[in-house]
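# Observations on the three-dimensional arrangement
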Amino acid sequence: AYFCDNSFLNQLGINPSFYFMRDVIESSKSHYNVDSLITESEAITIVQKALNAPHNGEGESPIVREVVAEGESKKMNVVVILMESMSYDLLKIRENGKEITPYLNSLIEKSYFFENFYSAGTHTNHGILATLYGLPALFDRNMMKNVDIPLCEGLPYILQQQNYRTMFFMTHEAQYDNMNAFLLENGIEEIYSQENYPREKRRNSFGVADDYLFEYGLDKINEKSKDKKPFFATLLTVSNHPPYIVPDEFKTASNDPQYQIVAFADNAIRQFMEKAEKEEWFANTVFVLLGDHGKIVGSQTYEMPLSYNHIPCIIYSPAFDNAPQRLHQLGGQVDVLPTLLGLLNHSYENNTFGVDLFNTNRPYMFFSSDDALGCISPEYFYTYNFKAKVEGLYKYAENSAENIVSAHRQEADSMRTYSAAMFQTASYMFKNKLTRTDK
């Protein structure tokens, strides 16, 4: 029952009493929302204008828009590496005179690198939802345990329609955070998890370490690629999540285990990429490497730590002839889907909150933590904390802790309205089951 394509039956099928009561309790919990900041009708109007979406009829998604590519689409393979807790700030850390992410930094030098890029939320389920499906995180909600959101029009589904094989690799148990049921319902054909790996390879409660994940993933990709069918594979790492299991050879990278494990995670990616480079499919593949979310790195200036949402996004392919490029425009995980499909020159229905970052400049980027919303512009960082009902506006480029919200009321109002509109429209779509258009 757990592997059927109906998430309600999946939940009942595992343990009827436990899962029924858990979902009743979860659905009755009070979650943070933006109802006090903006109405649904105001929000939808603002978002439609921001995304250049047509005004669709009642009962239809308010943001769906047709993207028509000119010319032939590119049938390139796609590999997404979602790096656990990979904050942008980690790329700048040097320990014992050396970078702790030498491979990622070297990869940036031959890739498209988005410097001002943000995770949707602060949990892995948020990162998966936003990156693969283009939908924002709604604060403290677990976005993969809601049984009413089959999404379908995410990257896996769209590429399936183009005859791609779709695979997802994780280190831990498949049912963690309801990932198995959620992904199988939403375009992923093959899931590989702790259940597939030898017991002796498990390192902690999160299963196998990153190096084995990549070793297994590469073997499986090589096996599946023999049929010459294009593939879409996502690898979700976990080693950079406590409790850290640091191999002895990386304990000299730093005196701090949180940096030792980053050096190990970086090296695991290096080994994967260098081995993949020897394979026939490598030359026709786009690699997307980004954090599932960040983490607190060093001392933080703001109550809503920017390093928790500011993540690297690296897009690399040996087929790109105009890389490297360092891109300064604002972007986020919700933009991965349209940006990648733009690179592949695919036509599709865009029912996401994302834009193609190669042809659209965002005025702001929005994101969330469990109890706050954040919005960032090239100059300002705006925050609104729901618990304390306090807002702030800061010149983050100067790392200034001074709250200037009163002196810059107009800018603060604009950023609050933009971000609140995005969250309210997403909430409206989830509530009315409008996250899919093939009903």
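Above this text sits the structure in question.
Residues numbered from 1 in each chain as written. Predicted model: local features only at pLDDT ≥ 70, side-chain atom pairs only at ≥ 80, totals over all residues. Heavy atoms only, no water.

### A look at unusual backbone geometry
- The omega angle of the peptide bond from Pro242 to Pro243 is 0°, so this bond is cis rather than trans.
- Within the secondary structure layout, Pro243 lies in the loop between β10 (231-236) and α9 (257-276).
- That bond from Ala323 to Pro324 is cis: its omega, 10°, falls within 30 degrees of zero.
- Among the secondary structure elements, Pro324 is positioned in the loop between β12 (310-316) and β13 (325-332).
- With a phi close to 55°, Ser85 is a non-glycine residue in the positive phi region.
- Note on placement: Ser85 falls in the loop between β2 (77-83) and β3 (94-95).
- Residue classification places Ser85 among the buried residues on the basis of a relative accessible area of 7%.
- You will see that Lys433, though not glycine, has its phi angle at about 55°, which is positive.
- Turning to its location among the elements, Lys433 is positioned in the segment after α11 (409-431).
- Given the relative accessible area of 43%, Lys433 is considered partly exposed. (Helix = DSSP H or I, 4+ residues; strand = E, 2+ residues; numbered from the N terminus. Buried < 20%, exposed > 50% of the residue type's maximum accessible area, 1.4 Å probe, protein only.)

### Looking at the pattern of salt bridges
- This structure, assessed with the given rule, holds 17 salt bridges.
- With its nearest N and O atoms 3.7 Å apart, the salt bridge here joins Asp89 to Lys92.
- With a relative accessible area of 18%, Asp89 lands in the buried category.
- Salt-bridge contacts for Arg326 lead to Glu115; the nearest nitrogen and oxygen are separated by 2.6 Å. In this pair, Arg326 is assigned in strand β13 and Glu115 in strand β5 (residues 112-118), connecting sequence segments 211 residues apart. (Salt bridge = Lys/Arg side-chain N within 4 Å of Asp/Glu carboxyl O.)

### Remarks on the sheet that holds strand β6 (residues 165-169)
- On the basis of which strands lie adjacent, the open sheet formed by eight strands has the order β7-β6-β10-β2-β11-β12-β5-β13 and mixed pairing. Among the strands making up the open sheet, the edge pair consists of β7 (190-192) and β13. On average, each strand axis in the sheet is inclined to that of its neighbour by 15°, with strand direction left out of account.
- Inspection of the sheet shows β6 paired to β10 by five bridges, in the parallel sense. The partner of Thr166 across the bridge, within β10, is Phe232.
- The strands touched by helix α8 (residues 210-224) are β2, β6, β7 and β10; relative to β6, the strand with the most contacts, the crossing angle is about 165°.
- In this fold helix α10 (residues 336-343) packs onto β2, β5, β11 (285-291), β12 and β13, with an angle of close to 160° to the strand it touches most, β11. (Pairing = 2+ DSSP bridges. Axes fitted to C-alpha atoms, helices over the stretch in contact; angles between N-to-C directions. Contact = heavy atoms within 4.5 Å.)

### Looking at α9
- Between its first and last C-alpha atoms α9 spans 29 Å; for 20 residues at 1.5 Å apiece the expected length is 28 Å, and the two agree.
- For α9, the buried fraction is high: 14 of the 20 residues fall into the buried class. (Expected span 1.5 Å × (residues − 1).)

### Comments concerning the sheet that holds strand β16 (residues 372-376)
- The strand order β15-β16-β17-β18 describes an open sheet built from four strands, whose pairing is antiparallel. In this open sheet, the two edge strands, each paired with only one partner strand, are β15 (365-368) and β18 (390-394). For this sheet, the mean inter-axis angle between neighbouring strands, taken without regard to orientation, is 15°.
- Strand direction decides the pairing type here: β16 and strand β17 (residues 381-385), joined by five bridges, are antiparallel.

### Regarding a negative patch on the surface
- A cluster of acidic residues, Asp211, Glu215, Asp219 and Glu249, forms a negative patch on the protein surface.
- Looking at the element boundaries, Glu249 is found in the loop between β10 and α9. (Patch = residues over 30% accessible without salt bridge, like charges linked within 9 Å, V, L, I, M, F, W, Y side chains within 5 Å. Areas by Shrake-Rupley, 256 points an atom, 1.4 Å probe, with all protein chains shown as cover. Lys, Arg positive; Asp, Glu negative; His and termini not counted. Charge placed at Lys NZ, Arg CZ, Asp CG, Glu CD.)

### Thoughts on the side chain of Asn105
- With respect to the element layout, Asn105 can be found in helix α4 (residues 102-108).
- Of the residues examined, Asn105 reaches a relative accessible area of 14% and is grouped as buried.
- Within the structure, Asn105 has its side chain in polar contact with the side chain of Glu99 (distance 3.3 Å).
- The contact partners of Asn105, leaving out residues within four places of it in the chain, are Leu91 and Glu99. (Polar contact = N/O pair within 3.5 Å; in protein donor to acceptor, adjacent residues only side chain to side chain.)

### Some details on the packing of helix α3 (residues 40-51) against α11
- Taken N-terminus to C-terminus, the directions of α3 and α11 make an angle of 105°; their axes are 8 Å apart at the nearest point. Taken as axis vectors, α3 and α11 run roughly perpendicular relative to one another. Between α3, through Glu40, Ala43, Ile44, Ile46, Val47 and Ala50, and α11, the contact on the second element is made entirely by Thr417, Tyr418, Ala421, Met422, Gln424, Thr425, Tyr428 and Lys431.
- Residues of the contact of α3 with α11, tallied by class, amount to nine nonpolar, three polar and two charged. (Parallel < 35°, antiparallel > 145°, perpendicular 65-115°, else oblique. Nonpolar A, V, L, I, M, F, W, Y, C, P; charged D, E, K, R; others polar.)

### Quick notes on the packing of α8 against α9
- Closest axis-to-axis distance for the α8/α9 pair is 8 Å, and the angle between their directions is 15°. Taken together, α8 and α9 sit at an angle that is classed as roughly parallel. Here the hand of the crossing between α8 and α9 comes out right-handed. Residue-level contacts link Asp210, Asp211, Phe214 and Leu218 of α8 to Phe264, Ala265, Ala268, Ile269, Gln271, Phe272, Lys275 and Ala276 of α9.
- Looking at side-chain class alone, the contact of α8 with α9 contains eight nonpolar, one polar and three charged residues. (Left-handed = near helix turned anticlockwise from the far one by under 90°.)

### Observations regarding the environment of Ala323
- As for its position among the elements, Ala323 is in the loop between β12 and β13.
- Each C-alpha atom of the pair Ala323 and Tyr216 lies 30 Å from the other, and the pair is 107 residues apart in sequence.
- Apart from the residues within four sequence positions on either side, Ala323 is in contact with Lys110, Ser111 and Tyr112.

### Side note on the packing of aromatic side chains
- By the definition in use, this model includes 30 aromatic pairs.
- Note on Tyr302 and Phe381: the rings are 5.5 Å apart at their centroids and 70° apart in plane angle, and the pair reads as edge-to-face. Residue Tyr302 is found in the loop between β11 and β12, and its partner Phe381 is found in strand β17; the two are separated by 79 residues along the sequence.
- The buried category is assigned to Tyr302, whose relative accessible area is 8%.
- Joined through ring pairs, the aromatic side chains of Tyr32, Phe139, Tyr364, Phe366, Tyr384, Phe386, Tyr418 and Phe423 make up one cluster. (Phe/Tyr/Trp six-rings, centres within 6.5 Å; stacked < 30°, edge-to-face > 60°.)

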